[in-house]
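Understanding the architecture of this molecule
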Amino acid sequence: MTFQSPIDLKQLMRFIVSEKKLQANLVLDEGCFLETKDVKPLVKVINYILNYLKELSEHPIEIGLDLMHDKYLLSFLIYTESDSLPTVSESLQPVLDLYSAKLDFIHEKGKYVQFKIHIPK
């Protein structure tokens, strides 16, 4: 039997932001733990999202982690006046499928761009 170590998503997000030396506003709930054998694919998705967003604006990235009844919601938002955006990689959702997670991409033209990752508990 293989045991999975729980990953504290709050600590993970703080670590990634610190390592990337990002300007970010963090609002991170306690108690969000991901049971997984390998967190590296998720880290790659998060890095992709952060790199994508930081190219769109000089504003800090708004990062939220919400503990919800049946899931964790990880959100990344940046304010931007851009109307046209680079194409988002189609390889993100297949990676998130490893965690049974769902990705939403929202672009409110001239206002903001947001990624939401819904991770079931």
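On a predicted model such as this, the values are computed, not experimentally measured, just so you know.

Cut-offs used in this document
Residues numbered from 1 in each chain as written. Predicted model: local features only at pLDDT ≥ 70, side-chain atom pairs only at ≥ 80, totals over all residues. Heavy atoms only, no water. Phe/Tyr/Trp six-rings, centres within 6.5 Å; stacked < 30°, edge-to-face > 60°. Helix = DSSP H or I, 4+ residues; strand = E, 2+ residues; numbered from the N terminus. Buried < 20%, exposed > 50% of the residue type's maximum accessible area, 1.4 Å probe, protein only. Core = buried A, V, L, I, M, F, W, Y, C linked by side-chain atoms within 4.5 Å. Salt bridge = Lys/Arg side-chain N within 4 Å of Asp/Glu carboxyl O. Pairing = 2+ DSSP bridges. Axes fitted to C-alpha atoms, helices over the stretch in contact; angles between N-to-C directions.

Before going further, it helps to examine the packing of aromatic side chains. As enumerated under the stated definition, the model contains 4 aromatic pairs in all. Relative to F115, the ring of Y52 lies with its centre 5.5 Å away and its plane at 90°, an arrangement referred to as edge-to-face. Of this pair, Y52 sits in helix α2 (residues 40-54) while F115 sits in strand β7 (residues 112-120), and the two are 63 residues apart along the sequence. The pair Y52 / F115 is uniform in exposure class, with both members buried.

This part is about the nonpolar core. Ranked by internal contacts, the top residues of the largest apolar core, which has 36 residues, are L9, I46, L53, F76, F115 and I117. The element contributing the most residues to this core is α2, with 8 residues.

Two side chains that carry opposite charge are able to pair once their charged atoms sit near each other. Tallied over the entire structure, the rule returns 2 salt bridges. A salt bridge links E30 to K10, with the nearest nitrogen and oxygen atoms 2.5 Å apart. Taken together, the positions of E30 in the loop between β2 (24-28) and β3 (33-36) and K10 in helix α1 (residues 9-20) put the pair 20 residues apart, joining distant regions of the chain. Judged by relative accessible area, which is 55%, E30 ranks as exposed. For K10, a relative accessible area of 13% gives the class buried. Across the salt bridge formed by D104 and K102, the nearest N and O atoms sit 3.1 Å from each other. A relative accessible area of 21% places D104 in the partly exposed class. The class of K102 is partly exposed, set by a relative accessible area of 47%.

What follows concerns the sheet that holds strand β5 (residues 71-79). Pairing is mixed across the open sheet formed by 5 strands, whose spatial order is β2-β4-β5-β7-β6. A strand with exactly one partner marks an edge of an open sheet, and here the two such strands are β2 and β6 (102-108). For this sheet, the mean angle separating the axes of adjacent strands, direction not counted, is 10°. Where β5 meets β7, 9 bridges bridge the pair, whose relative direction is antiparallel. Residue pairing across strands places Y72 opposite I119, the latter belonging to β7.

Of note, K21 is a non-glycine position whose phi angle comes to about 55°, a positive value. Classification of K21 as exposed rests on a relative accessible area of 73%. Unlike most non-glycine residues, S100 shows phi in positive territory, near 55°. In this fold, S100 is placed in the loop between α3 (92-96) and β6.

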